[in-house]
Amino acid sequence: MSNPIEDEIKKEIAQHKILIYGKGTKTAPQCGFTVETMEFFNKFGYPYELINVLPNPEKREALSKMTNWPTLPKVFINGQFYGDTDILGPMEEKGEIQPLLKEAFSDQAN
Amino acid sequence: MMTFEDLTTHITQALGEAEVSVMDRTGTMDHFTVKIISDAFQGKNLLDRHRMVYQALDSPLKDGRIHALEIQAKTKDEAQGG
């Protein structure tokens, strides 16, 4: 039996190379960590999507279950879960982010 | 709101031996940065390490005593290597 919320999430993850589930919108973020995550991706210049889950507690709960990760924001790159900037920061220090994003966007002319 | 001692106790109860340092980010004792050095992290990737810490702090995260948490999780070797 499929769960409509999970299906919606899977579709969104497949649709966006970089997807942030966070609090607020790009123009009006409502959480310091969401801002931090947006700033993180702004540096690299690839397009990302931010989906606000504050108005949707059911979706927030479903996301936590799917990722086994209790907090927001939650970042997906190329369909894969990467936690938040606590994970992405150390990856960047090791030089792992740039190649990951390059690979994710390799099928698009840029 | 939560004391540093409470927070540290939650972590050491879950992970065993661990060196825990806590910083209050906002002066309100509910936004924390936690640095943990423990060999319980050996062989685990960063995602799983963070999951272990979230699990250890499950109840204070759920009841709102902790509002936000930044985590650094290293093994003893990694901490020494810089």
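Here the structure is a predicted model, which is why all the values come from computation and not from measurement. (Residues numbered from 1 in each chain as written. Chains lettered and ligands numbered in written order. Predicted model: local features only at pLDDT ≥ 70, side-chain atom pairs only at ≥ 80, totals over all residues.)

Q: Sorry if this is basic, but what is going on with the confidence of the model for chain B here?
A: Close inspection of predicted coordinates is inappropriate for parts of the model with low pLDDT. Per-residue confidence for chain B averages 95 on the pLDDT scale, and 99% of its residues sit at or above 70. Scored as a complex, the prediction yields pTM 0.90 and ipTM 0.83. (pLDDT = per-residue confidence, 0-100.)

Q: Hey, could you run me through the interface of chain B and chain A in this one?
A: One frequently used descriptor of interface size is the decrease in accessible area upon assembly of the parts. Each side of the interface is counted separately: chain B has 10 residues, and chain A has 9 residues. When residues in the side of chain B that touches chain A are grouped by element, the largest group, 5 residues, is from helix α2 (residues 46-56) of chain B. Broken down by class, the residue content of the side of chain B that touches chain A amounts to 7 nonpolar, 1 polar and 2 charged. (Contact = placed C-beta atoms within 7 Å. Helix = DSSP H or I, 4+ residues; strand = E, 2+ residues; numbered from the N terminus. Nonpolar A, V, L, I, M, F, W, Y, C, P; charged D, E, K, R; others polar.)

Q: Please explain the packing of helix α1 (residues 4-15) of chain B against α2(B) as it appears in this structure.
A: When two helices pack together, their arrangement is captured by the angle between the axes and the distance separating the axes. Residues and elements named next belong to chain B. Where α1 meets α2, the axes come as close as 8 Å, and the angle between the chain directions of the two elements is 120°. Between α1 and α2, the crossing angle belongs to the class labelled oblique. Like other packed secondary-structure pairs, α1 and α2 cross with a definite hand, here right-handed. Residue-level inspection shows His10, Ile11, Ala14 and Leu15 of α1 in contact with α2, the latter providing Met52, Val53, Gln55 and Ala56. Of the residues that constitute the contact of α1 with α2, the class distribution is 6 nonpolar, 2 polar and no charged. (Axes fitted to C-alpha atoms, helices over the stretch in contact; angles between N-to-C directions. Parallel < 35°, antiparallel > 145°, perpendicular 65-115°, else oblique. Left-handed = near helix turned anticlockwise from the far one by under 90°.)

Q: Whenever I open this one, the environment of Tyr54(B) confuses me. Can you help?
A: With respect to the helices and strands, Tyr54(B) occurs in helix α2. The exposure class assigned to Tyr54(B) is partly exposed, which follows from the 18 C-beta atoms found within 10 Å. Along the chain, Tyr54(B) and Ile11(B) lie 43 residues apart, while their C-alpha atoms are 9.3 Å from each other. In this view, Tyr54(B) contacts Pro70(A) and Leu61(B); residues no more than four positions away in its chain are not counted. (Buried ≥ 20, exposed ≤ 12 C-beta atoms within 10 Å, placed from the backbone.)

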